[in-house]
Amino acid sequence: MTASLWNAIQATGRDATAWLPQQASEQAPVVDWLFDVVTWISIFFFVLITAVLLVFIAKYRRRPGHVEQQTATHHQALEVTWTVIPLFIVIWIFWEGFTRYLDLHSAPLNSYEIQVLAQKWNWSFTYPNGYVDANLHVPAGQNVKLTMTSQDVLHSLYVPNFRVKKDVVPGRYTSLWFRSERPGDYDLFCTEYCGTSHSNMLARVIVHPPGEFEKWLADAANYIDKLPPEKLWEAGQKLYQQRGCAQCHSVDGKTGTGPSFKGIWNHPAELKTGEKVLVDENYVRSSILNPQGQIVAGYEPVMPTYQGRLKDKEITAIIEYIKTLEK
């Protein structure tokens, strides 16, 4: 297929249909076009074969007075026709699918790169300046490459509006890229079952209008530094949501994968070893950096370490937030 035709297809971005969401990336029209072609080919042959089947059933049905007739056992031209035509169709589908897959897999050299870390059950997106966010923010009109890995088990990143999806594998890196021209707010899912809270492993993709992404990134990176000391707990509350604490630790006393943060501050916690330890600054810091060191009784050692992933000031902010949950 000529490049001009593919360019024309890519320029036909459409709104949501009955079975597909709105197209919001450069890749979406191409993926949808192939999907539609394969679907209509399947429908055509389904209808054709069903119609022929019904005609034969009616024509050769058993009925009174009808006797069996001698029929042909082989027809060379017919055999060649129904073999060669499907063969060419399947080869064409393979070729178009394979070449489009390579295009989706190979990011342009000038792509804006964002590091992605998946863990049960949240996403962390790290930008070139070191800022980490739980949602994916990207600039409109620019190629974006996601370099992804997993902290624990197999996950899969999927953005329906962009028509991109790729497994996120522990112990290795995978990548995908996209380019969105439509500023907006889109869904991001994990589409590989990864445990009891798999359905809560959600995030948003925010496509910023041209010129606004850089300002957002600068403001977000300096968020904690701009807060006065008495407001540091607000940063801790934000980090609680962004870094996956909320997936396991409630703040209303409900039991989760990990103990609730409500009312634990300055109170003793009973450990699996039978010892008791006071929940203070040192205990919280130790639990974040070395979570397997002191396991609270009644819970499993499933929390990953945040060593190297949280700065000292961020840990302090989380401690200040836990203090506000004392009552």
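Residues numbered from 1 in each chain as written. Predicted model: local features only at pLDDT ≥ 70, side-chain atom pairs only at ≥ 80, totals over all residues. Heavy atoms only, no water.

### A word on the environment of Pro 209
Phase 1: Along the polypeptide, Pro 209 turns up in the loop between strand 10 (202-208) and helix 4 (213-221).
Phase 2: You can call Pro 209 partly exposed: its relative accessible area is 29%.
Phase 3: Once the C-alpha coordinates of Pro 209 and Trp 19 are considered, the two residues, 190 residues apart in sequence, prove to be 28 Å apart.
Phase 4: Leaving out residues up to four positions away in the same chain, Pro 209 has contacts with Ala 140 and Pro 183. (Helix = DSSP H or I, 4+ residues; strand = E, 2+ residues; numbered from the N terminus. Buried < 20%, exposed > 50% of the residue type's maximum accessible area, 1.4 Å probe, protein only. Contact = heavy atoms within 4.5 Å.)

### Things to note about the sheet that holds strand 7 (residues 164-168)
Phase 1: As summarised here, the arrangement of the five strands in space is 4-10-9-6-7, forming an open sheet in which the pairing is mixed. The sheet is open, and its two borders are formed by strand 4 (136-139) and strand 7, each paired with just one other strand. The mean inter-strand angle of the sheet, taken between neighbouring strand axes irrespective of direction, is 20 degrees.
Phase 2: As defined by bridge partners, strand 9 (residues 184-190) adjoins strand 10 across six bridges and the pair is classed as antiparallel. Residue pairing in the sheet places Tyr 186 in a bridge with Val 205 of strand 10. (Pairing = 2+ DSSP bridges. Axes fitted to C-alpha atoms, helices over the stretch in contact; angles between N-to-C directions.)

### Structural notes on the sheet that holds strand 5 (residues 143-150)
Phase 1: Read from one edge of the open sheet, five strands run 3-2-1-5-8, paired in mixed fashion. Pairing within the sheet leaves two strands with one partner each, and these edge strands are strand 3 (132-133) and strand 8 (174-179).

### Side note on a nonpolar patch on the surface
Phase 1: A surface patch of nonpolar side chains, amounting to about 700 Å² of accessible area, comprises Phe 44, Leu 48, Ile 49, Val 52, Val 55, Phe 56 and Tyr 60.
Phase 2: By relative accessible area, Leu 48 is classed as partly exposed at 40%. (Patch = residues over 30% accessible without salt bridge, like charges linked within 9 Å, V, L, I, M, F, W, Y side chains within 5 Å. Areas by Shrake-Rupley, 256 points an atom, 1.4 Å probe, with all protein chains shown as cover. Salt bridge = Lys/Arg side-chain N within 4 Å of Asp/Glu carboxyl O.)

### What about helix 2 (residues 28-59)?
Phase 1: Here helix 2 is 32 residues long and its end C-alpha atoms lie 46 Å apart, about the 46 Å a rise of 1.5 Å per residue gives.
Phase 2: Listing the buried residues of helix 2 in full gives Ala 28, Pro 29, Val 30, Asp 32, Leu 34, Asp 36 and Thr 39. (Expected span 1.5 Å × (residues − 1).)

### Overview of the nonpolar core
Phase 1: Of all hydrophobic cores here, the largest spans 36 residues; its most connected members are Trp 123, Phe 125, Tyr 127, Leu 136, Leu 146 and Leu 157.
Phase 2: Among the nonpolar cores identified, the runner-up in size contains 28 residues, and Ala 235, Val 277, Val 279 and Tyr 299 belong to it. (Core = buried A, V, L, I, M, F, W, Y, C linked by side-chain atoms within 4.5 Å.)

### Things to note about the packing of helix 2 against helix 3 (residues 76-105)
Phase 1: Orientation of helix 2 relative to helix 3, taken along the N-to-C sense of each, is 160 degrees, at an axis distance of 11 Å. One element, helix 2, and the other, helix 3, form an angle in the roughly antiparallel class. Where helix 2 crosses over helix 3, the handedness of that crossing is left-handed. Between helix 2 and helix 3, the contacting residues are Val 30, Val 31, Trp 33, Leu 34, Val 37, Val 38, Ile 41 and Phe 45 on the first element and Ile 89, Trp 92, Ile 93, Glu 96, Gly 97, Arg 100 and Leu 104 on the second.
Phase 2: Its residues assigned to classes, the contact of helix 2 with helix 3 shows 12 nonpolar, one polar and two charged. (Parallel < 35°, antiparallel > 145°, perpendicular 65-115°, else oblique. Left-handed = near helix turned anticlockwise from the far one by under 90°. Nonpolar A, V, L, I, M, F, W, Y, C, P; charged D, E, K, R; others polar.)

### Some thoughts on the state of the cysteines
Phase 1: This structure, assessed with the given rule, holds zero disulfides.
Phase 2: The thiol sulfur of Cys 190 is not disulfide-bonded, and the nearest other cysteine sulfur, from Cys 194, lies at 4.0 Å.
Phase 3: Owing to a relative accessible area of 7%, Cys 190 belongs among the buried residues under this scheme.
Phase 4: No disulfide involves Cys 248; its sulfur sits 8.9 Å from that of Cys 245, the nearest cysteine.
Phase 5: Residue Cys 248 is classed as buried on the basis of its relative accessible area of 15%. (Disulfide = S-S within 2.5 Å.)

### Notes on the packing of helix 6 (residues 232-242) against helix 9 (residues 312-323)
Phase 1: Running from N to C, helix 6 and helix 9 point in directions that differ by 100 degrees, and their axes come no closer than 7 Å. Taken together, the axes of helix 6 and helix 9 lie roughly perpendicular to each other. Across the interface between the two elements, Leu 232, Trp 233, Ala 235, Gly 236, Gln 237, Leu 239 and Tyr 240 of helix 6 pack against Glu 314, Thr 316, Ala 317, Ile 318, Glu 320 and Tyr 321 of helix 9.
Phase 2: Residues belonging to the contact of helix 6 with helix 9 are distributed by class as follows: eight nonpolar, three polar and two charged.

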